[in-house]
Structure formats: C-alpha cells, structure tokens
Amino acid sequence: SQKIEQNSEALNIQEGKTATLTCNYTNYSPAYLQWYRQDPGRGPVFLLLIRENEKEKRKERLKVTFDTTLKQSLFHITASQPADSATYLCALVDAEYGNKLVFGAGTILRVKS
Amino acid sequence: ETGVTQTPRHLVMGMTNKKSLKCEQHLGHNAMYWYKQSAKKPLELMFVYSLEERVENNSVPSRFSPECPNSSHLFLHLHTLQPEDSALYLCASSREALAGYYNEQFFGPGTRLTVL
C-alpha cells in the first residue's frame, strides 16, 4: 500500500543550527513534491515545490532535495530561529492517483534559543 | 492572511444538529477543496470542486454534504454527525484542480469542530 512517512517524534534543535526533516514515500511515483508549514490553529502554508527532475531547490534559508531513487525528500532550514518552530508537512502529487495532493502527517520542529 | 477565509472558526454541535461551514476565497482560483485534519493524522481530502463542479468525492459519508454555488464560495453542510467527526476542517483553493504544477494550495485557517 502507499505510504508517506515523516518523523512522528518532534525535532528539537538549538537556534542557529540546521534543521533537517525527512519525508519518505512508498509505492508512489510522484511528479512533484511540496512542503508546507502549519502553525497551531492555522491552515498549512505553502513553502516550496520540487519536481522529479530537480535534485535541489532553495528559497532563502530553506532547501529541499528530492531523491527518486531513495524515494525521499529532505527539507533543511539553515540558521534556524525560534520563529521556525511549527509543524512541517510534505505532500506529493502522483498522476496515477489523479494528481491529488497526498499529505504526510507532519513533523513538529522546535527551535530553542 | 492567505486570501481564504472560513467561518465559523469554532463550532460545537450535538449529534442531531444541522450546521454549515463556509469558505470564501479572494484569489480568483478555479478550484476549491475540503480537507479533514484529525490529531496526528495526515490531511484527508474530502471533496474537490473545479469551476463549481464536483470532481472528487473521496468516499465521504453522506452526513457531509458540500455545496459550491460559485467559484469563490464553498460550503460544507453537516447533519447527524458522530463524535469521531470532531476535527479541524480546512478549506483550500488553487488555480486549477488536480493539475500538477499548479497544485500549490492556499488554505484557510480552518473550523475546529467538536461533536458532542
């Protein structure tokens, strides 16, 4: 069966360090993968999209990689700040499943000052 | 502010009540979505509308009834819900429905629903 797995345990890091979040998928062949940020009591906010033929995408302090061989995407936040504390969701788009966005359950990131 | 608003933000209802959730998008998008988010679970897609036509119904129980009178407004009518329906209900919009690259979605703040 299809699965999208993100670390269910919260990631706690010190301010200034790089946070790395993992998204692994099984039995999908996504054309695109997206990352969203969700704060408590709010809807997700789109951060980055990466296509299957792109190895890496950057936006300011954010970097996403996409390895279709490992079936994995990594999401990095460099020079992390307490304001980066949130839940981060990965979502993929697979044409075989009607191009719907399929979400992982998310990983909580806590950045401590 | 993402350009997608939802009302009410919180709703408590009994199992015999009838209520409606409202969503409005100010982005000129053609597609609108309803998602259910339960604690520690992935977002579950419920319904998709493209230009006011329902294009996806993800095996959602009939006690949830969507309505899309125009491309800017989306409703979710609720009746005879169960306690397990308590969750955060999120509305989203995108430029096109189910269209790959343009599938970046803009979410509203959600309605926190509690069914007693």
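Rules used in this analysis
- Residue indices begin from 1 for each chain and proceed along its sequence in written order.
- Think of it this way: whatever chain is written first is A, whatever ligand is written first is 1, and the rest follow in order.
- Reporting in this predicted model follows two pLDDT cut-offs: at least 70 for local features of residues, and 80 or more for side-chain atom pairs to be given and counted; totals over whole chains, interfaces and linings ignore these cut-offs and use all residues.
- With hydrogens and water set aside, each side-chain value is computed from the structure's full complement of heavy atoms.
- The rule is simple: take the accessible area with a 1.4 Å probe, protein chains only, and divide by the maximum for that residue type; under 20% is buried, over 50% is exposed, in between is partly exposed.
- Helical segments are the DSSP runs of H or I of at least four residues, strand segments are the runs of E of at least two, and each set is numbered from the N terminus.
- Between any two strands, at least two bridges found by DSSP are needed for them to pair.
- Residues adjacent in sequence count toward polar contacts only when both atoms are side-chain atoms; beyond that, a polar contact is any pair of N or O atoms within 3.5 Å, and within protein one must be able to donate a hydrogen and the other to accept it.
- Contacts are assigned to residue pairs that have any heavy atoms within 4.5 Å of one another.
- Any cysteine sulfur atom paired with another within 2.5 Å is treated as part of a disulfide.

Novice: Hey, could you go over the pairing of strand β9 (residues 87–94) of chain B for me, with residue numbers and the actual values?
Specialist: All names here are of chain B. Of all eight residues in β9, eight are buried, a share of seventy percent or more. Sheet analysis places β9 next to strand β11 (residues 111–115), joined by three bridges and oriented antiparallel. Paired with Tyr89 across the two strands is Thr111, which belongs to β11. When β9 meets strand β10 (residues 106–107), the two strands line up antiparallel, connected through two bridges. Residue pairing in the sheet places Ala92 in a bridge with Phe107 of β10.

Novice: Account for the side chain of Arg63 of chain B, naming residues and giving values.
Specialist: All names here are of chain B. Assignment of secondary structure puts Arg63 in the loop between β6 (53–57) and β7 (64–70). At a separation of 2.7 Å, a polar atom in the side chain of Arg63 contacts the side chain of Asp85. What Arg63 contacts, discounting residues up to four positions off in sequence, is His77, Leu78, His79, Thr80, Leu81, Gln82 and Asp85.

Novice: Pulling in residues and values, what's your account of unusual backbone geometry?
Specialist: Most peptide bonds take the trans form, and the phi angle of most residues other than glycine is negative. Here the residue pair Thr7 of chain B and Pro8 of chain B is connected by a cis peptide bond, since its omega of -10° sits within 30 degrees of zero. Assignment of secondary structure puts Pro8 of chain B in the loop between β1 (4–7) and β2 (10–13). With a phi close to 60°, Asn27 of chain A is a non-glycine residue in the positive phi region. For Asn27 of chain A, the position within the fold is in the loop between β3 (19–26) and β4 (32–38). Classification of Asn27 of chain A as partly exposed rests on a relative accessible area of 46%. One non-glycine residue with positive phi stands out, namely Glu52 of chain B, at about 70°. Looking at the secondary structure, you find Glu52 of chain B in the loop between β5 (44–50) and β6. Under the relative-accessibility criterion, Glu52 of chain B is labelled partly exposed at 39%.

Novice: Outline the state of the cysteines, supporting the account with residue identities and numerical values.
Specialist: Applying the stated criterion to the full structure yields two disulfides over all chains. Bridging Cys23 of chain A to Cys90 of chain A, the disulfide has an S-S length of 2.0 Å. Between Cys23 of chain A and Cys90 of chain A, the S-S dihedral sits near 60°, and the bridge is therefore right-handed. Taken together, the residues Cys23 of chain A in strand β3 and Cys90 of chain A in strand β9 (residues 86–93) connect sequence positions 67 residues apart. According to the relative accessible area criterion, Cys23 of chain A is buried, its value standing at 1%. With a sulfur-sulfur separation of 1.9 Å, Cys23 of chain B is cross-linked through a disulfide to Cys91 of chain B. Disulfide Cys23 of chain B-Cys91 of chain B: the torsion about the S-S bond is -70°, which places it as left-handed. Taken together, the residues Cys23 of chain B in strand β3 (residues 18–25) and Cys91 of chain B in strand β9 connect sequence positions 68 residues apart. As far as the burial class goes, Cys23 of chain B and Cys91 of chain B line up, both buried.

Function cannot be read off these values alone, since they describe shape.
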